[in-house]
Amino acid sequence: LAPLDAAFARWLDTWRSCQLDYVFFVLKDRPLMILLAVGGLTIGGLCLCRRWGEARHALLVVLGGGFLCELLKTGFERPRPSVLPSLTVGNSFPSGHVTTAVLVAGALSFFLVRSNWPRWMKFVGVSVLGLVVGMTAGQRVYLGHHWFSDVLGSLFLVGAWLCLTLPRPWLFYVSRQSVVITLCLLLCYSGFYFLPALRMALP
């Protein structure tokens, strides 16, 4: 995918302007912060309604997906398009901002679609969540923090994670098998973190 990234970066350079630079710089992390605030309010609302199972399910989906993103980011060493050192900002693949945005928006959309709200409100809500995710992904590529394939890969990975975990809350029940899997993932993360020679270099 390196040629695709290079071609997309060249195409993006043809559209750069001072106005767009200013808009994306002002946006920065605001879309993601809005998503996190709405997600926190939703979790709080579920807890107030004593829907503990749904609140726990949503939290575990988001936190579990975030941990897997960090595991992959540590295991795959891919330099960012910008000149920022990886020791300061981390590796490029997958994108943590896009992963978090899709995780939160996907969980919110799942519970929104299953709610008793009118159909038009569900459509508007899911559309707004998708727009916020698009803004987050766009500014990460435009500002040079990630390659296009980082964002694309993050969307596919998180989409697969949401399809696997959202309809099946039993995946998060504490069992001997889940504890073993969790310990293995933690060991992998520790190995990648403390033994850089185990990491896989991406172009």
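The rules behind these values
Residues numbered from 1 in each chain as written. Predicted model: local features only at pLDDT ≥ 70, side-chain atom pairs only at ≥ 80, totals over all residues. Heavy atoms only, no water. Helix = DSSP H or I, 4+ residues; strand = E, 2+ residues; numbered from the N terminus. Contact = heavy atoms within 4.5 Å. Buried < 20%, exposed > 50% of the residue type's maximum accessible area, 1.4 Å probe, protein only. Patch = residues over 30% accessible without salt bridge, like charges linked within 9 Å, V, L, I, M, F, W, Y side chains within 5 Å. Areas by Shrake-Rupley, 256 points an atom, 1.4 Å probe, with all protein chains shown as cover. Salt bridge = Lys/Arg side-chain N within 4 Å of Asp/Glu carboxyl O. Axes fitted to C-alpha atoms, helices over the stretch in contact; angles between N-to-C directions. Left-handed = near helix turned anticlockwise from the far one by under 90°. Nonpolar A, V, L, I, M, F, W, Y, C, P; charged D, E, K, R; others polar. Core = buried A, V, L, I, M, F, W, Y, C linked by side-chain atoms within 4.5 Å.

Caption draft 1: Structural detail: the side chain of Thr136. Its place among the elements puts Thr136 in helix H7 (residues 119-142). The contacts of Thr136, once residues within four sequence positions are left out, are Pro31, Leu32, His97, Val98 and Ala101.

Caption draft 2: Structural view of the environment of Pro81. Note that Pro81 resides in the loop between strand E1 (76-77) and helix H5 (86-89). A relative accessible area of 31% means that Pro81 is categorised as partly exposed. Separated by 62 residues in sequence, Pro81 and Leu143 have C-alpha atoms that sit 9.3 Å apart. Apart from the residues within four sequence positions on either side, Pro81 is in contact with Ser92, Gly144, His145, His146 and Trp147.

Caption draft 3: Region of the structure containing a nonpolar patch on the surface. On the surface, Trp117, Trp120, Met121, Phe123, Val124 and Val128 cluster together into a nonpolar patch covering about 670 Å² of accessible area. Its place among the elements puts Val128 in helix H7. Residue Val128 is classed as partly exposed on the basis of its relative accessible area of 46%.

Caption draft 4: Examining the packing of helix H6 (residues 96-113) against helix H8 (residues 148-165) more closely. H8 packs onto H6 with a crossing angle of 35° between their chain directions and a minimal axis gap of 9 Å. Considering the relative orientation of H6 and H8, their crossing is right-handed. Only Val151, Ser154, Leu155, Val158, Trp161 and Leu162 of H8 make contact with H6, whose side of the interface consists of Val98, Thr99, Val102, Leu103 and Gly106. Class assignment for the residues of the contact of H6 with H8 results in 8 nonpolar, 3 polar and no charged.

Caption draft 5: Highlighting the nonpolar core. The biggest cluster of nonpolar side chains holds 30 residues, and the ones touching the most others in it are Leu35, Val102, Val133, Leu162 and Leu166. By residue number, the principal contributor to this core is H6, which donates 10 residues. Setting aside its immediate chain neighbours within four residues, Val102 contacts Val133, Leu155, Val158 and Leu162.

Remember, this is a structural readout, not a statement about activity or role.
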